[in-house]
Protein chains: 4
Amino acid sequence: MIITFKHSVTPEMQQAFQSKFREMHKQVVMSGLRMAVVGLDHCQFSDQESEVIEQIVSETPSYVQASRSFHPDNSTVQLPHSKISADTFTIMAGPCSVESEDHIRRMAEIARLGGASVLRGGAFKPRTSPYTFQGLGEKGLRYLRKAADENGMDVITEVMDETHVALVAEYTDVMQIGARNMQNFSLLKSVGKTSVPVALKRGMAASIDDLLNASEYIASGGNTDIILIERGIRTFDHKYTRNTFDVAAVPVLQKLTHYPVIVDPSHAVGFRDLVAPAAYAGTAAGASGMIVEIHDHPEKAVSDGPQALKPNDYLTMTKRAAALRKCMESWEN
Amino acid sequence: MIITFKHSVTPEMQQAFQSKFREMHKQVVMSGLRMAVVGLDHCQFSDQESEVIEQIVSETPSYVQASRSFHPDNSTVQLPHSKISADTFTIMAGPCSVESEDHIRRMAEIARLGGASVLRGGAFKPRTSPYTFQGLGEKGLRYLRKAADENGMDVITEVMDETHVALVAEYTDVMQIGARNMQNFSLLKSVGKTSVPVALKRGMAASIDDLLNASEYIASGGNTDIILIERGIRTFDHKYTRNTFDVAAVPVLQKLTHYPVIVDPSHAVGFRDLVAPAAYAGTAAGASGMIVEIHDHPEKAVSDGPQALKPNDYLTMTKRAAALRKCMESWEN
Amino acid sequence: MIITFKHSVTPEMQQAFQSKFREMHKQVVMSGLRMAVVGLDHCQFSDQESEVIEQIVSETPSYVQASRSFHPDNSTVQLPHSKISADTFTIMAGPCSVESEDHIRRMAEIARLGGASVLRGGAFKPRTSPYTFQGLGEKGLRYLRKAADENGMDVITEVMDETHVALVAEYTDVMQIGARNMQNFSLLKSVGKTSVPVALKRGMAASIDDLLNASEYIASGGNTDIILIERGIRTFDHKYTRNTFDVAAVPVLQKLTHYPVIVDPSHAVGFRDLVAPAAYAGTAAGASGMIVEIHDHPEKAVSDGPQALKPNDYLTMTKRAAALRKCMESWEN
Amino acid sequence: MIITFKHSVTPEMQQAFQSKFREMHKQVVMSGLRMAVVGLDHCQFSDQESEVIEQIVSETPSYVQASRSFHPDNSTVQLPHSKISADTFTIMAGPCSVESEDHIRRMAEIARLGGASVLRGGAFKPRTSPYTFQGLGEKGLRYLRKAADENGMDVITEVMDETHVALVAEYTDVMQIGARNMQNFSLLKSVGKTSVPVALKRGMAASIDDLLNASEYIASGGNTDIILIERGIRTFDHKYTRNTFDVAAVPVLQKLTHYPVIVDPSHAVGFRDLVAPAAYAGTAAGASGMIVEIHDHPEKAVSDGPQALKPNDYLTMTKRAAALRKCMESWEN
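In this text, all values refer to a predicted model and were calculated from it rather than measured experimentally.

**Considering the domain arrangement of chain A**
Where interface size is given, it is often the accessible area lost as the parts come together that is meant. The assigned domain composition of chain A is domain 1 (2-57) and domain 2 (76-330). For domain 1 of chain A and domain 2 of chain A, the distance between their C-alpha centroids amounts to 39 Å.

This is the structure:
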């Protein structure tokens, strides 16, 4: 239940409400004159209490913690070497999969050269078919961590499985939840109990509300270090692009939530020559950064080769995206 | 790699191929002159071997075990009280959630009365928002099992989580994988290692190929007791129906795979008054059965009330669907 | 504006309202205590008038004429040899295009044999590419009419173009508006001024509301002899079917409107072997009939060969659909 | 049929081919060693001819004139005051509908102030419901032309109807074909016979191929002054945006065709506060310009008020888009 108080309410009265519901083991979120009480389905207020309630806004709160109406200021996700928030621009780059110790090191160097402060790479891979490469597992995590450390970078990598959360958490700075797991609620609850920041990818058929509700599974466990990723949705047209890059989701999400929003142009379009224009579009739409796939020999990549940028194209792209971002930063003045 | 042999190949030669690849720890599936070897990316055949190979059909096999080309005959899923196959028609019915011991017993009686041989009911519920009812857990499983046993019925219930597989398997005859978990590959692998039949629901944005590839994760673990469920897909029009019931998926799947296909009209349409026409449509399209939600007081249901059929409407619907099915059975003669 | 009157209103008062608005050249639709006045954006009622108004239901009426709330009884489209309504079942069959005088005659005979009372065939063809067959034009209309007359059948054929309306109207019993022209408002207005029944196909991306609003363009010209056709919508999955057959649209439309609804399984699925199951599904969902493409040599058809049923398959399909329908007719008793 | 010639072919031989097919009344398009002959379904070449043919690329040419493979250089649409091509950036702005002589004049002044060289405004409006404002007709065209002339601007306005083509052509510099009419083939053919440039909007469910095929209807009539407009497609998510802005369609189209591509952020997103970010995204993706709706009192607009930018927001947006474009122009060096 979401309620708003009358202006006549005193801080003591509000405090009393809050204490009462917490004693009932309800989750309570307060913001100014607005209060959400989770699980208070059939609320009984005393006459005295009713007098200070202005309105019952909604019987069923959904994404309370994610909502700007409870958290008007932009939130920031702070990593050792990166800060992700509305007024920063962070590049996360690396290969789709960690392929070898040597390869991820080379990729980290290139990523860094293009301005990335976060290294991506999959050690556990969600693949449509069971007969394709499934990732190097813990060995991959080790290589990835080492390559990042050597280059003064943070790590982002996917966790696919509740049973791997503790293991992945040991090696990474950000745990990524993939599009196919966006509504794997057990996994969401599990990462919500850690203190590792979580990057949540929008599912292929997930509405904006679905994405924010999924984030609430993480937040309701206590972990609100959340980054949202727009990575394309599935539509009727997938001949020339793998998905449809929903670039307007960036400002839509920024209006509804305080979590930072970044874009994944690689998965959104799926073909190398379209990644740069999509990255520029995402930048110009106001994203707080991007996550992008790179590979020195994409034709030999163990996964997603067709969408990986080659080093030179990546370096050109990031230089241009940075120029766009710089141009935009002057707008605020 | 999928290859076909020339007609001149001898059984001994085929056997030799198979042994060789198995020694290389490859998964091999044979069917007549067709052979799939999983993970044989750059196959090197001796000159002698090459001579008996007619054609390399595909470098990358995807859903081999699901495919009719490797398993031309319809497969059957046998439960204690039900048989699900191309030429049977099975009704699975029950409430969305197990609500209480008493309630699930009453629902089981009604389900049985309408001809259902499988009782459905959720004990672990995947809900869009974390602030809604999440299921009774093991207690729910116990009530469900008891209600089914008292009525000579089988049980189907959802497993959402790898860590619950063993627990759920203890109580159920069929483990359901929900639409949101269709590409939760860890969960699929986990149920694939059990010997409990699995009912796999099509994801909201899953193509037919995605569904069959997901089934392959289960089958590649050794469990081929698989039922596929069409339950509606997400499209641009969701004002008057919750999803778009893709009824043509029934004959499409029956052409591509030997697994039985059933329909879920409740989730497909999402509103009570549309469930019966959708159930008739699915029946007439040739489904091997249906799974349907019922509730005696839908307005008080803890989940999905709007789509639950009331007892009388359920009884009318099943009588009519049975009449349609009977009409169709005379066609084969 | 849609208003409802209080029970205290007298017939004379209602009459006075109606006269007043008609004098203001407004279109008025009445049904019991409900009245819609088109274009009455900022209505000013006298105090006396206000007293008998119960409620302003909506400022902006949309599909008033199509709505069941203004026309509770099912409407019937009567053709010389066919009657299309909620409680009849009409088969419309024929080739995609009229190919020759001889061919359409042969197809008419087969269509008739399968129980069709309406002959379909395109003389003006809307083709995705300008470099494909565009139809025989008036010659085609002549052949079509003759073939129908010789077999005691009605004619349905597509009109693509405002400038052809008068010509097509001369030859046909039903003018079909194709999916691509569903929101060609000039064309809709134009057929709305004739007295020839119109069969309106749902557009590929048209919501249910869009379809009903499009029908309103026809009805507001005075022609309410309207048949609605569900023919599949465009979704993310079009590998194994050309469109997604939205079979639940049949009961949805029947709830919202009094116009008869038929299905087009040929365009919905696009492949011959799926047409029959889709036709059965549409029949079982309660459609008032179907329109289906047939061809004796589909591999040589000038258009849409892959989805045309061969004569024998058509005859089997119609026999079975008729059996399903007969089974359903016993339900009402 | 599309063929490629061997390098050994002489210009005389190519010429002879061309003459032969033109005599057969076939449409022929040549580009280097590549030749498309429309409607040559079962081509019979003499032995001598066959000798110089390298390959039959395709039996069924589709968008030949639109294709870069027949027209590698970017094409330019030249208007009196504007030039639309790959390396220019044109702003088209104005109200959704022409509302009055005075209003369109004021809007033209604001549009011009923001750098627009083309004035938009609808005189014939395609509206979902027949009971909403349908446009001022010829009077609207007159006002629009006058307002543009007074401000040294070009005019773009929609033509909905074959019978209006000549009338609209008299007043406008660019004829716009709306999304709902993208496959109104009669209308496309009709504007294809004029010499007025045509701006073709992508339909709500139109694939990239559909759009290019639709353009071919215009081009095959002789008019290749074509501009393509991405304006959002219909997807499952339309709660916070009216459509899904497919920004990646800009580089996709630029790869496939030589026609200039612009974006329509207003219709793509449908809500004022999202128009600017979408406009920036389209600019950064490389569009050749944009068409945008403005209104001084959007709450009183006769159509599409919610998506119209207010004058100040429009002026800020265009200044910023121009800055982004300028930033991008430095990239080529």
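**Quick word on the relation of the copies chain A and chain B**
A rotation about some axis, followed by a shift along it, carries one copy of the chain onto the other. For these two chains of identical sequence, chain A goes onto chain B by a turn of 180° and a shift of 0.0 Å along the axis, with RMSD 0.1 Å. Classification of the inter-copy transformation places it as that of a two-fold axis. Distance from the rotation axis, computed per C-alpha, reaches its smallest value in chain A at A:Ala205: 2.7 Å. Residue by residue, 100% of the interface of chain A is reproduced at the interface of chain B, so both copies engage with the same surface.

**Overview of the relation of the copies chain D and chain A**
The two copies are related by a screw operation: chain D maps onto chain A through 180° of rotation and 0.0 Å of translation along the axis, at an RMSD of 0.0 Å. Mapped onto chain A, 100% of the interface residues of chain D are again interface residues, and the two copies thus contact each other with one and the same surface.

**Here we look at the interface of chain A and chain B**
Taken together, the contacts link 35 residues of chain A with 35 residues of chain B. Buried area between chain A and chain B, both sides added, is near 2,900 Å², and the carbon and sulfur share of it is 51%. Counting across the interface, chain A meets chain B through two salt bridges. In this structure, the salt-bridge partner of B:Arg234 is A:Asp210, at a minimum N-O distance of 2.7 Å. Here chain A and chain B share 12 residue pairs in polar contact (both at pLDDT 80 or more) between them. For the side of chain A that touches chain B, the secondary-structure elements that each account for two or more residues are α6 (185-192) and α7 (208-219) of chain A. Sort the elements by how many residues they give to the side of chain A that touches chain B and α7(A) lands first, with five residues.

**Describing the sheet that holds strand β1 (residues 2-5) of chain A**
All names here are of chain A. The strand order across the open sheet formed by four strands is β2-β3-β1-β4, and the pairing between neighbours is antiparallel. Looking at the sheet topology across the chains shown, the edges are occupied by β2 (27-31) and β4 (53-58). Averaged over neighbouring strand pairs, the angle between their axes works out to 20° when direction is ignored. Both β2 and strand β3 (residues 34-38) contribute to a ladder of five bridges, which runs antiparallel. Bridge pairing in β3 links Ser31 to Arg34. Against the sheet, helix α1 (residues 11-23) contacts β1, β2, β3 and β4, and its axis sits at roughly 160° relative to β2.

**Some thoughts on the packing of helix α3 (residues 101-113) of chain A against helix α11 (residues 311-329) of chain A**
In helix packing, the relevant descriptors are the interaxial angle and the interaxial distance, both defined with respect to the helix axes. Residue and element names in this part refer to chain A. Between α3 and α11, the least distance of the axes is 9 Å, while the angle of their chain directions is 25°. Taken together, the axes of α3 and α11 are roughly parallel relative to one another. Classified by chirality, the crossing of α11 by α3 is right-handed. Contacts between α3 and α11 pair Ile110, Ala111 and Leu113 from the former with Pro311, Tyr314 and Leu315 from the latter. Tallied by class, residues from the contact of α3 with α11 come to six nonpolar, no polar and no charged.

**A closer look at the nonpolar core**
Membership of the largest hydrophobic core comes to 324 residues, with the highest contact counts inside it found for A:Tyr314, B:Tyr314, C:Tyr314 and D:Tyr314. The contact partners of D:Tyr314, leaving out residues within four places of it in the chain, are D:Ile91, D:Ala93, D:Ile110, D:Ala111, D:Gly114, D:Gly115, D:Ala116, D:Val292, D:Ile294 and D:Leu309.

**Some details on the interface of chain D and chain A**
Taken together, the contacts link 39 residues of chain D with 39 residues of chain A. In total, about 3,200 Å² of surface goes out of reach between chain D and chain A, with carbon and sulfur atoms giving 72% of it. Among the residues chain D hides against chain A, the three largest losses belong to D:Phe236, D:Tyr240 and D:Trp331. Together they make up 21% of the total. Counting the contacts that link chain D with chain A gives six salt bridges. Here D:Lys255 makes a salt bridge to A:Asp273, at a shortest N to O gap of 3.0 Å. By residue number, the principal contributor to the side of chain D that touches chain A is helix α10 (residues 272-284) of chain D, which donates six residues.

**Side note on the UniProt feature "domain: DAHP synthetase I/KDSA" (unreviewed entry) in chain A**
Within this numbering scheme, the UniProt entry marks residues 87-321 of chain A as carrying the feature "domain: DAHP synthetase I/KDSA" (unreviewed entry). A distance of 15 Å separates the end C-alpha atoms of residues 87-321 of chain A, which is 38% helix and 14% strand.

**What to know about helix α1 (residues 11-23) of chain C**
Residues and elements named next belong to chain C. With 13 residues, α1 extends 18 Å between its outermost C-alpha atoms, agreeing within 8% with the 18 Å of an ideal straight helix rising 1.5 Å per residue. Among the residues of α1, Gln14, Phe17, Gln18 and Phe21 are the ones counted as buried. An end-on view of α1 places all buried positions within 95° of arc, on one side of the element. α1 presents Glu12 and Glu23 as exposed residues on the side facing more than 90 degrees away from its buried surface. Buried-residue contacts for α1 involve β1 (2-5), β2 (27-31), β3 (34-38), α2 (47-52) and β4 (53-58). Phi turns positive one or two residues past the end of α1, at His25, with a value near 60°.

**Examining the pattern of salt bridges**
Residues and elements named next belong to chain A. The full count for this structure, using the stated rule, is 72 salt bridges over all chains. The partner of Asp296 in a salt bridge is Arg106, with the nearest N and O atoms 2.8 Å apart. One end of the pair, Asp296, is in the loop between β14 (289-293) and α11; the other, Arg106, is in helix α3, and 190 residues separate them in sequence. A network of salt bridges, in which partner residues are shared, links Glu101, Asp102, Arg105, Arg106, Lys146, Glu150 and Asp296.

**Let's talk about the sheet that holds β3(C)**
Residue and element names in this part refer to chain C. The antiparallel open sheet is built from four strands, whose spatial order is β2-β3-β1-β4. Across the chains shown, the open sheet's two edge strands, defined by having one partner strand only, are β2 and β4. Averaged over neighbouring strand pairs, the angle between their axes works out to 20° when direction is ignored. With respect to the sheet, α1 is in contact with β1, β2, β3 and β4, its orientation differing from that of β2 by roughly 160°.

**Quick word on the environment of A:Gln65**
The residue A:Gln65 is located in the loop between β4 and β5 (77-78) in this model. In this structure, A:Gln65 is in contact with A:Gln27, A:Val29, A:Glu216, A:Ala219, A:Ser220, A:Thr224, A:His258, A:Tyr259 and B:Tyr131, ignoring residues within four places of it in sequence.

**Topic: the side chain of C:Arg325**
Note on placement: C:Arg325 falls in helix α11 (residues 311-329). The exposure class of C:Arg325 is buried, given its relative accessible area of 9%.

**Notes on unusual backbone geometry**
Positioned with a positive phi, A:Asp304 is a non-glycine residue whose angle comes to about 55°. Residue placement: A:Asp304 occurs in the loop between β14 and α11.

**Remarks on the side chain of D:Gln307**
Residues and elements named next belong to chain D. In this fold, Gln307 is placed in the loop between β14 (289-293) and α11 (311-329). A distance of 3.1 Å separates the side chain of Gln307 from the side chain of Glu293, its partner in a polar contact. When sequence neighbours within four positions are dropped, the list of residues in contact with Gln307 reads Arg242, Ser266, His267, Gly270, Phe271, Arg272, Val275 and Glu293.

About the thresholds
- Residues numbered from 1 in each chain as written.
- Chains lettered and ligands numbered in written order.
- Predicted model: local features only at pLDDT ≥ 70, side-chain atom pairs only at ≥ 80, totals over all residues.
- Heavy atoms only, no water.
- Domains from an automatic or database assignment.
- Least-squares fit on C-alpha atoms with pLDDT ≥ 70 in both.
- Contact = heavy atoms within 4.5 Å.
- Buried area = accessible area lost by both parts, 1.4 Å probe.
- Salt bridge = Lys/Arg side-chain N within 4 Å of Asp/Glu carboxyl O.
- Polar contact = N/O pair within 3.5 Å; in protein donor to acceptor, adjacent residues only side chain to side chain.
- Helix = DSSP H or I, 4+ residues; strand = E, 2+ residues; numbered from the N terminus.
- Pairing = 2+ DSSP bridges.
- Axes fitted to C-alpha atoms, helices over the stretch in contact; angles between N-to-C directions.
- Parallel < 35°, antiparallel > 145°, perpendicular 65-115°, else oblique.
- Left-handed = near helix turned anticlockwise from the far one by under 90°.
- Nonpolar A, V, L, I, M, F, W, Y, C, P; charged D, E, K, R; others polar.
- Core = buried A, V, L, I, M, F, W, Y, C linked by side-chain atoms within 4.5 Å.
- Buried < 20%, exposed > 50% of the residue type's maximum accessible area, 1.4 Å probe, protein only.
- UniProt positions renumbered as here; feature names shortened; annotations may be inferred.
- Expected span 1.5 Å × (residues − 1).
- Arc of directions from axis to C-beta.

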